[in-house]
Amino acid sequence: MSTLTIFEDTAPGQAVVQTSDPAQIAALLKPFNVRFERWEGPEIPPRDADEATVLTAYRPFLDRLMGETGAGSADVLRVNAQTPNYGVLRKKFLSEHTHSEDEVRFFVHGSGHFVLHIDDRIYDVECCQSDLISVPEGYKHWFDGGPAPDFVTLRIFTHKEGWIADYTDTDLAQRFLVYPQ
């Protein structure tokens, strides 16, 4: 189930707001131009479907999104406990960073937490199957797929070079861990 939990950035563990209502999640994120929506309708391809099958299943949604945002390509990312070097990748994901392009993900299977640091608050968005999130360029954030990840996502790009992380070198993400390390 999708959830949004909001904290003051000085008070880990003390939620200010928590909701599992997708409409309310979208409404609470909208003032920051963070896009959150559910893509309902297509038959969800099997977890092991090839990239072409997954992209075809979501093509009408991708075409609409790309037309609105100017994004130029999409691919399929699969991460699970057998992903080579996942421990190293997770450490990188768990470091607060920004990008010079919007980070857009759609969850085909599984779940993960996009955690945003906006002003003096932490917005922990747990995204699940059929959720789309778009984190605007320049927003401080991190991602946690957990110690035993199992997700399939669509990544939507304008330019893949824009996804190079610019780390903030803070320990904030470590203070707001979703899962133990």
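Structure shown above.
Each chain has its residues counted from 1, running along the sequence as written. At least 70 in pLDDT is required for a residue's local features to be given in this predicted model, at least 80 for side-chain atom pairs to be given and counted, and no such filter applies to totals for whole chains, interfaces and linings, which use all residues. No hydrogens and no water enter the side-chain calculation; it runs on all heavy atoms of the structure.

Student: How would you explain the sheet that holds strand E3 (residues 35–38) if you had to name every residue and give the values?
Tutor: Strand order in this open sheet of five strands is E3-E9-E6-E11-E4, and the pairing throughout is antiparallel. Looking at the sheet topology across the chains shown, the edges are occupied by E3 and strand E4 (73–80). Recorded for the sheet is a direction-independent mean angle of 20° between the axes of neighbouring strands. The rule for pairing is simple: two strands pair if DSSP sees at least two bridges between them. Helix numbers and strand numbers start at the N terminus; a helix is a DSSP run of H or I with at least 4 residues, a strand a run of E with at least 2. Bridge count between strand E6 (residues 103–109) and strand E9 (residues 131–135): four bridges; the pairing is antiparallel. Across the sheet, the residue bridging to Phe 106 is Leu 132, located in E9. Structural elements are reduced to axes, namely lines fitted to C-alpha atoms, with helices fitted over the stretch in contact, and the angle between N-to-C directions of any two is expressed from 0 to 180 degrees.

Student: Any chance you could break down the packing of aromatic side chains for me, citing the residues and the numbers?
Tutor: Pairing of aromatic side chains requires ring centres within 6.5 Å, counting the rings of Phe and Tyr and the six-membered ring of Trp. Pairs whose planes differ by under 30 degrees are stacked, by over 60 edge-to-face, and all others tilted. In this structure the tally under the stated criterion is ten aromatic pairs. When the centroid spacing of 5.7 Å and the interplanar angle of 55° are considered together, the rings of Phe 7 and Phe 176 count as tilted. Highlighted residues: Phe 7 in strand E1 (residues 3–8) and Phe 176 in the segment after helix H5 (172–175), separated in sequence by 169 residues. Owing to a relative accessible area of 7%, Phe 176 belongs among the buried residues under this scheme. Among the aromatic residues, those joined into a cluster by ring pairs are Phe 93, Phe 107, Phe 114, Phe 143 and Phe 151. Here the term buried applies to any residue with accessible area under 20% of the maximum for its type, exposed to any over 50%, and partly exposed to those in between, with areas from a 1.4 Å probe on protein chains only.

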